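Reading the structure
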Amino acid sequence: MFIRLILLCCIMLSASAHAMLVQKQRFTLDNFSTENGHTIAQVNIGWEAYGRLNADKSNVILITHFFSGTSHAAGKYHKDDSTAGYWDAIIGPGKAIDTNKFYVISSDTLVNANVFDPNVITTGPATTNPATGKPYALSFPVVTIGDFVEVQKALLDSLGIGKLHAVIGPSMGSFQAIEWAVRYPDRVARLIPVIGSAYIDAYAAVKLERWAYPIKADPNWHNGNYYDKGQPIQGLSTALAYITQDALHPTGFNQRYPAPTQDNTPLQDITATFSAWDQLLQHAKARAEYQDANHILYLVRASQLWRAGMGDNWQHALSRVKAKTLFLPASGDLLLPPALSQHSAAAMTTGGNTPHYAEIPGSWGHLDGVVSISAVAGQIAEFLN
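We now turn to the structure provided with this report.

Definitions and limits used
- Residues numbered from 1 in each chain as written.
- Predicted model: local features only at pLDDT ≥ 70, side-chain atom pairs only at ≥ 80, totals over all residues.
- Heavy atoms only, no water.
- Phe/Tyr/Trp six-rings, centres within 6.5 Å; stacked < 30°, edge-to-face > 60°.
- Helix = DSSP H or I, 4+ residues; strand = E, 2+ residues; numbered from the N terminus.
- Buried < 20%, exposed > 50% of the residue type's maximum accessible area, 1.4 Å probe, protein only.
- Lys NZ or Arg CZ within 6 Å of the ring centre and 35° of its normal.
- Contact = heavy atoms within 4.5 Å.
- Polar contact = N/O pair within 3.5 Å; in protein donor to acceptor, adjacent residues only side chain to side chain.
- Pairing = 2+ DSSP bridges.
- Axes fitted to C-alpha atoms, helices over the stretch in contact; angles between N-to-C directions.
- Salt bridge = Lys/Arg side-chain N within 4 Å of Asp/Glu carboxyl O.

**Structural notes on the packing of aromatic side chains**
Tallied over the entire structure, the rule returns eleven aromatic pairs. Measuring from centroid to centroid gives 4.9 Å for F66 and Y86, while their planes differ by 85°, and the two rings are edge-to-face. Of this pair, F66 sits in the loop between β5 (60-63) and β6 (91-92) while Y86 sits in the loop between β5 and β6; the two residues are 20 residues apart in sequence, bridging distant segments of the chain. A single burial state applies to F66 and to Y86, both of which are buried. With 5.7 Å between their ring centres and 45° between their planes, Y86 and W87 make a pair best called tilted. The exposure class assigned to Y86 is buried, which follows from its relative accessible area of 3%. The rings of F66, Y86 and W87 are connected pair by pair, giving a single aromatic cluster. One residue, R187, lies across the ring of Y184, its end atom 6.0 Å from the ring centre.

This is the structure:
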């Protein structure tokens with residue numbers, strides 16, 4: 001779900017010198033009503049698109065991003081950017097999601113984690129509340145996966161786009177994709193949930209609470225009111241380190257970080273840390289420069305609350321899906337394991353819609369849904385065509 005891709009840019013082959021050049025655009029709603037009945041005075045999100053919209057606007061594919069991702073799914077903002085968007089390997093001319101055929105749209109979510117990235121446009125706790133002139137902090141309402149979908153729908157409505165050839169997203173993006181097909185079954189022709197599920201179980205919800213705890217335990221968090229003092233860096237960095245580890249399979253993690261046998265000091269000093277943790281935390285601190293602690297908490301809560309239809313019976317909600325569906329979990333995923341996709345697919349079958357199913361191979365675990373996506377490019381292309 002859930003890891004910023006710069007950590008593994010060295011293994012990503014998608015950052016080609018010939019990547020598409022794309023431009024970030026802004027969408028604004030004067031006000032937005034959340035699922036829990038609160039109103040946000042103004043909402044801004046960023047979005048970008050690849051390819052060309054056809055005359056009858058029937059060739060649109062919506063990409064919904066993962067927990068710590070952004071709308072930057074493909075291409076580059078500038079030709080000298082070091083890396084391209086996270087799914088550049090499958091989005092572009094002649095690729096699995098062929099921009100010679102499709103108009104591909106992706107948008108930043110509400111409470112996007114990377115609020116301090118200059119290429120991200122989002123509204124959340126770090127945004128100035130027009131009523132007070134100060135950041136919302138924890139006065140910002142709790143938001144849900146359903147709220148993310150409703151903002152995306154408003155964006156598409158503003159563009160005159162009534163139907164989607166497909167909705168595709170990894171991890172938290174799979175939640176949004178499924179919710180699209182549940183809420184608007186007549187608007188979604190195809191659905192591809194990647195490394196995802198139609199629900200969050202108790203185990204996953206508690207694991208996500210482990211991401212929130214270091215932030216709330218940091219004395220510099222100040223119950224969310226830290227914007228005039230600075231981020232709770234220790235808590236935020238620790239949370240991001242946990243997110244990174246949970247997104248990786250042990251095989252991939254051990255390939256990247258040194259073994260305990262390389263450290264001598266911990267044998268002599270109980271306060272000493274291992275090099276693997278030090279490196280993990282160093283990487284997390286680099287990401288923390290672009291992210292906001294409160295935004296992480298809100299994304300954790302949105303993910304914990306997830307179940308298709310946002311009601312009491314996610315299995316029944318899936319019966320509303322009319323879209324042809326392809327589930328693509330990662331074989332080694334320990335965060336949202338294939339069993340969750342399998343249970344989701346089984347519930348959809350019970351509702352009368354038999355989905356396709358394939359697994360993404362690799363040694364990176366949950367992250368294989370991004371860095372190993374080329375392994376299932378053929379299945380994606382065939383399904384879309």
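Read on, since the account is not over.
**Considerations on the environment of N112**
Structurally, the position occupied by N112 is in the loop between β8 (103-107) and β9 (128-129). For the pair formed by N112 and Q231, sequence separation is 119 residues and the distance between their alpha carbons is 16 Å. Look past the residues within four positions of N112 in its chain and what remains in contact with it is H65, G69, T70, V120, T122, H295 and L299. Among the polar contacts made by the side chain of N112, one reaches the main-chain amide nitrogen of N114 at a distance of 2.9 Å.

**Observations regarding the sheet that holds strand β14 (residues 356-357)**
Pairing is mixed across the open sheet formed by eight strands, whose spatial order is β1-β4-β8-β5-β11-β12-β13-β14. Strand pairing shows two members of the sheet lacking a second neighbour, β1 (25-29) and β14, which therefore form its edges. The pairing of β5 with strand β11 (residues 166-170) spans three bridges and is parallel. If you follow I63 over to β11, its bridge partner there is I168. Across the sheet, helix α10 (residues 338-350) is in contact with β12 (190-194), β13 (324-327) and β14; its angle to β13 comes to roughly 160°.

**Structural notes on the pattern of salt bridges**
Where charged atoms of side chains with opposite charge meet at close range, the side chains can pair. One pass over the full model with this rule turns up eleven salt bridges. Here D108 makes a salt bridge to K24, at a shortest N to O gap of 3.0 Å. Taken together, the residues D108 in the loop between β8 and β9 and K24 in the segment before β1 connect sequence positions 84 residues apart. The pair formed by D108 and K24 is uniform in burial state, with each residue classed as buried. For R210, the salt bridge identified is with D246, shortest N-O distance 2.6 Å. In this pair, R210 sits in helix α3 (residues 202-217) while D246 sits in helix α4 (residues 233-247), placing the two residues 36 residues apart along the sequence. Note on D246: relative accessible area 11%, which makes it buried. In the salt-bridge network here, residues are joined through shared partners; they are E35, E150, E179 and R183.

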